[in-house]
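The primary structure of each chain is shown beneath.
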Amino acid sequence: GDSVTQMEGPVTLSEEAFLTINCTYTATGYPSLFWYVQYPGEGLQLLLKATKADDKGSNKGFEATYRKETTSFHLEKGSVQVSDSAVYFCALILKGAQKLVFGQGTRLTINP
Amino acid sequence: DSGVTQTPKHLITATGQRVTLRCSPRSGDLSVYWYQQSLDQGLQFLIQYYNGEERAKGNILERFSAQQFPDLHSELNLSSLELGDSALYFCASSASGTGLGYTFGSGTRLTVV
């Protein structure tokens, strides 16, 4: 079945460090890909998305590129801040489908 | 504020009991989705309603049921509760029925004791 695999956490970085959170997927069709962020005590917020191969999603300094050849959608940020501390979820949805398929989430902690 | 309202925010109840979780979708959104977030299972899709009708079903237990009312709010009913039902239950809404453009609520944390 369709699935998303994220790098295991937790990930701890110092402020201004470079961030990569790996995400790979398995899908029967051509999915749209998403990164969601969950801050403590809150719901999931859409961070960025890409709907077709080679698309780059970006928001708040975060970027991810839809790589069909490697079935990946890695999240990157050049310089993280303490306020980026949260749980990050990679997700996919097949065209015409209703449900999002989520990865297991990666907890990110940024130390000052 | 995402525009999706879930009540209550926290719920503590005993095993065997029944609870109802409520979700009001973002204004104009016709689709409502329910997800369960637990430590061991991660985020699991439960069920979707579109304009009052069930559209898709996921890993929803028979003890659980949901409905969407004419005003488009939705309720998730959980009965014969077990300790393992303790989780965060999220509602999301979207304008279309295709799943793109989800907006999540802040969730209801259910604790079964």
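For the structure, see preceding data.
A brief report on the enclosed structure follows. Bear in mind the structure is a predicted one, so any value in this text is a computation, not a measurement.

The rules behind the values
Residues numbered from 1 in each chain as written. Chains lettered and ligands numbered in written order. Predicted model: local features only at pLDDT ≥ 70, side-chain atom pairs only at ≥ 80, totals over all residues. Heavy atoms only, no water. Helix = DSSP H or I, 4+ residues; strand = E, 2+ residues; numbered from the N terminus. Polar contact = N/O pair within 3.5 Å; in protein donor to acceptor, adjacent residues only side chain to side chain. Phe/Tyr/Trp six-rings, centres within 6.5 Å; stacked < 30°, edge-to-face > 60°. Buried < 20%, exposed > 50% of the residue type's maximum accessible area, 1.4 Å probe, protein only. Pairing = 2+ DSSP bridges. Core = buried A, V, L, I, M, F, W, Y, C linked by side-chain atoms within 4.5 Å. Contact = heavy atoms within 4.5 Å.

Right, let's talk about the side chain of Gln48(B) for a bit. Among the structural elements, Gln48(B) can be located in strand S5 (residues 42-50). A distance of 3.0 Å separates the side chain of Gln48(B) from the side chain of Ser31(B), its partner in a polar contact.

Residue and element names in this part refer to chain A. With the rule as written, the count across this model stands at 15 aromatic pairs over all chains. Between Phe62 and Tyr88, the ring centres sit 5.6 Å apart and the planes meet at 40°, which makes this aromatic pair tilted. On the criterion of sequence distance, the pair formed by Phe62 in strand S8 (residues 62-65) and Tyr88 in strand S10 (residues 86-94) is long-range, its members being 26 residues apart. By relative accessible area, Tyr88 is classed as buried at 0%.

Moving on, we get to the pairing of strand S1 (residues 3-6) of chain A. The side chains of a regular strand alternate, first on one face of the sheet and then on the other. Residue and element names in this part refer to chain A. Because side chains alternate across S1, one face comprises the buried residues Val4 and Gln6, and the other comprises Ser3 and Thr5, none of which is buried. Across 4 bridges, the pairing between S1 and strand S4 (residues 23-26) is antiparallel. Of the residues in S4, the one forming a bridge with Ser3 is Thr26.

Looking now at the nonpolar core. Note that soluble globular proteins tend to have their nonpolar side chains buried in a common cluster. Trp35(A), Leu47(A), Leu48(A), Phe73(A), Leu75(A) and Tyr88(A) are the most contacted members of the largest nonpolar core, which totals 26 residues. Of all the secondary-structure elements, those providing two or more residues to this core are strand S3 (19-21), S4, strand S5 (31-38), strand S6 (44-50), S8, S10 and strand S12 (106-111) of chain A. Once residues lying within four places of it in the same chain are set aside, the contact partners of Tyr88(A) are Gln6(A), Ile21(A), Trp35(A), Tyr36(A), Val37(A), Leu47(A), Phe62(A), Leu75(A), Gly105(A), Thr106(A) and Leu108(A). In terms of nonpolar packing, the next biggest core, distinct from the first, is built from 21 residues, Leu46(B), Ile47(B), Tyr89(B) and Leu110(B) among them.

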